[in-house]
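This is what each chain is made of:
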Amino acid sequence: MRADVALDLLVDGTTAHLPDTARGIRATVAVTVPVLTLLGVDETTPATVDGIGPIPADKARELCGGSTGWMRVLTHPETGVVVSVGRDTYTPPADLARLVRWRAGRCMAPGCGMPADRCEIDHTIAWEHGGHTAEANLAPLCKGNHTVKHHGNWKVRQHPGGVLEWTSPTGRVYTVHPQRRTPTFTPVAHGDDPPF
């Protein structure tokens, strides 16, 4: 009973001594539903509740129907790895950050060899300027080069495959290639021979 009382106080209790931002903790339930399942076209692909597991499609549609907000998550069709969450969240999900770090292998600034796992994930087009949290707009930069990018009058463009083009304040261009290419998959139509 004490635990129930404590939880009730956390959720709806009187906490006048705390700032407004700390009052009334609300739980968030993440329901992942393939769009075709949500639309009722595909009943075979299950929806899932994060941390719980699969749920029936009709229950997923009921939960989503009462939702006041949506977060778009674009996944790779073959691997299921998250490749974009658009403008819905600033911080990349763990598997997207892991993919970006794996692809680069190191800091993506010219001449830097800092391992990617010790780097910050940077939005090439800054979030505050409309940049998306997507594989095509993210790259690992060490703290020093991240600061230089934002405050050193350097211009950075990202090309397909995670290639960064740095232009110095004097106009010199440096191209930095990631250590690995992100695999791409082309679906094979039924009846076609697989490519070799």
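Scroll up for the structure.
In short, a report on the structure. (Residues numbered from 1 in each chain as written. Predicted model: local features only at pLDDT ≥ 70, side-chain atom pairs only at ≥ 80, totals over all residues. Heavy atoms only, no water.)

**Section: the sheet that holds strand S9 (residues 155-159)**
Next, step 1: Strand order in the open sheet made by the three strands is S9-S10-S11, with antiparallel pairing throughout. Each end of this open sheet is capped by a strand with a single partner; those strands are S9 and strand S11 (173-176). Geometrically, the sheet is characterised by an average inter-axis angle of 20° between neighbouring strands, direction not taken into account.
Next, step 2: By the bridge criterion, four bridges tie strand S10 (residues 163-167) to S11 in an arrangement that is antiparallel. Considered in S11, the bridge of Glu-165 is made with Thr-175. (Pairing = 2+ DSSP bridges. Helix = DSSP H or I, 4+ residues; strand = E, 2+ residues; numbered from the N terminus. Axes fitted to C-alpha atoms, helices over the stretch in contact; angles between N-to-C directions.)

**Some points on the packing of aromatic side chains**
Next, step 1: Applying the stated criterion across every chain, the model contains three aromatic pairs.
Next, step 2: When the centroid spacing of 5.8 Å and the interplanar angle of 85° are considered together, the rings of Tyr-90 and Trp-127 count as edge-to-face. On the criterion of sequence distance, the pair formed by Tyr-90 in the loop between strand S5 (82-86) and helix H4 (94-104) and Trp-127 in the loop between strand S6 (120-123) and strand S7 (133-134) is long-range, its members being 37 residues apart.
Next, step 3: Considering the side-chain rings of Trp-154 and Trp-166, the 5.9 Å spacing of their centres and the 75° angle between planes classify their relative orientation as edge-to-face. With a gap of 12 residues between them, Trp-154 in the loop between helix H5 (143-151) and S9 and Trp-166 in strand S10 connect regions that are remote in the sequence.
Next, step 4: Take Trp-154: its relative accessible area is 24%, and that puts it in the partly exposed class.
Next, step 5: By way of ring pairs, the aromatic residues Trp-154, Trp-166 and Tyr-174 are connected into one cluster. (Phe/Tyr/Trp six-rings, centres within 6.5 Å; stacked < 30°, edge-to-face > 60°. Buried < 20%, exposed > 50% of the residue type's maximum accessible area, 1.4 Å probe, protein only.)

**A few points about the pairing of S10**
Next, step 1: Extensive coverage of S10 is indicated by the burial of four of its five residues.
Next, step 2: Strand direction decides the pairing type here: S9 and S10, joined by five bridges, are antiparallel. Bridge assignment links Arg-157 to a residue of S10, and that residue is Glu-165.
Next, step 3: Between S9 and S10, which follow one another and run antiparallel, lie three residues, and Gly-161 among them has a positive phi close to 85°.
Next, step 4: Connecting the antiparallel pair S10 and S11 is a turn made up of five residues, with Gly-171 showing a positive phi of about 100°.

**A closer look at the state of the cysteines**
Next, step 1: What the rule picks out here adds up to zero disulfides.
Next, step 2: There is no disulfide at Cys-107, and the cysteine sulfur nearest it, in Cys-112, is 3.7 Å away. (Disulfide = S-S within 2.5 Å.)

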